[in-house]
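# Notes for the structure review
Now for the letters of each chain:
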Amino acid sequence: MDLKDWIRDVPDYPQPGILFRDIPPLLAHPPAFRYTIEQLQAPFARQTIDAIVGIDARGFIFGAPVAYALGVPFVPVRKRDKLPPETIGVNYSLEYGSGRLEMRVDALEPEMNVLVVDDLLATGGSAAATGKLISKLKANLIAYSFVVELTFLDGRAALENELVEALVQY
């Protein structure tokens, strides 16, 4: 299945000159969504993965079913002030500004093997910040798994030497 058939191009959104990759058509087509979840988890099915971390908010859409498929906990990484205390946080740069991501201090145990799942790798800012949160909790970041990668933005460089999987590249 070619997932590009289910990802809509929206020109000039959210600002002129940007070509937005829109995933709701993929989510609305059960066979494409099922295939996406299968492909996100497949490279890791034989590895020891103890938790899936999904990045607010579209990472939740893909991360929770991957966690279910692998039979492991799902851990949300949220934007500032969306989780009850006690949290840890990391500030990071966005394509259009800056932000802060947070995780509960008890979300991961030391030495847990963690897979980060998100919808899109662009500049890598939110993914790199998530990696820092995982490191702060002394867990092991095994890899990142994305539905879409915008290769021209070189987000992999922000993720240092981590394993990065992407189902679709533009």
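So, how was this worked out
Residues numbered from 1 in each chain as written. Predicted model: local features only at pLDDT ≥ 70, side-chain atom pairs only at ≥ 80, totals over all residues. Heavy atoms only, no water. Helix = DSSP H or I, 4+ residues; strand = E, 2+ residues; numbered from the N terminus. Contact = heavy atoms within 4.5 Å. 1 Å grid on protein atoms, 1.4 Å probe; cavity = no way out; pocket = protein on both sides within 12 Å on 5 of 7 lines; lining within 4 Å. Points joined across faces, edges and corners; volume = space filled by probe spheres on them. Nonpolar A, V, L, I, M, F, W, Y, C, P; charged D, E, K, R; others polar. Core = buried A, V, L, I, M, F, W, Y, C linked by side-chain atoms within 4.5 Å. Buried < 20%, exposed > 50% of the residue type's maximum accessible area, 1.4 Å probe, protein only. Phe/Tyr/Trp six-rings, centres within 6.5 Å; stacked < 30°, edge-to-face > 60°. Lys NZ or Arg CZ within 6 Å of the ring centre and 35° of its normal. Salt bridge = Lys/Arg side-chain N within 4 Å of Asp/Glu carboxyl O.

### A word on the side chain of Asp22
- Relative to the helices and strands, Asp22 resides in strand 2 (residues 19–22).
- Beyond its immediate chain neighbours, meaning those up to four positions away, Asp22 contacts Trp6, Ile7, Arg8 and Val10.

### Description of the layout of surface pockets
- Volume-wise, the second largest pocket comes out at about 170 Å³.
- Of all elements in the fold, only helix 4 (125–136) and strand 8 (140–149) reach the threshold of two or more residues within the lining of the second largest pocket.
- The biggest single contributor to the lining of the second largest pocket is helix 4, with five residues.
- Its residues assigned to classes, the lining of the second largest pocket shows seven nonpolar, two polar and three charged.

### Observations concerning the nonpolar core
- In terms of nonpolar packing, the biggest core is built from 27 residues, with Val53, Met103, Leu108, Ile134, Tyr144 and Leu159 touching the most fellow members.
- At the level of secondary structure, the elements contributing two or more residues to this core comprise strand 3 (51–55), strand 4 (74–79), strand 5 (87–94), strand 6 (97–104), strand 7 (113–121), helix 4 and strand 8.
- For this core, the leading source of residues is helix 4, giving five residues.
- Once residues lying within four places of it in the same chain are set aside, the contact partners of Tyr144 are Leu115, Val116, Ala127, Ala128, Gly131, Leu159, Glu162, Leu163, Val164 and Glu165.

### Here's the deal with the packing of aromatic side chains
- This structure, assessed with the given rule, holds four aromatic pairs.
- A ring pair is formed by Tyr13 and Phe20, whose centres lie 5.2 Å apart and whose planes are at 85°; its orientation type is edge-to-face.
- Using a relative accessible area of 22% as the deciding quantity, one classes Phe20 as partly exposed.
- The ring of Tyr170 has Lys4 sitting right over it, with the charged end atom 4.8 Å from the ring centre.
- Sitting over the face of the ring of Tyr170, Arg21 holds its NZ or CZ atom 3.5 Å from the ring centroid.

### Points about the pattern of salt bridges
- A complete count under the given rule lists seven salt bridges for this structure.
- Ionic pairing is found between Glu102 and Arg100, a salt bridge with its closest N-O pair at 3.3 Å.
- Residue Arg100 is classed as partly exposed on the basis of its relative accessible area of 22%.

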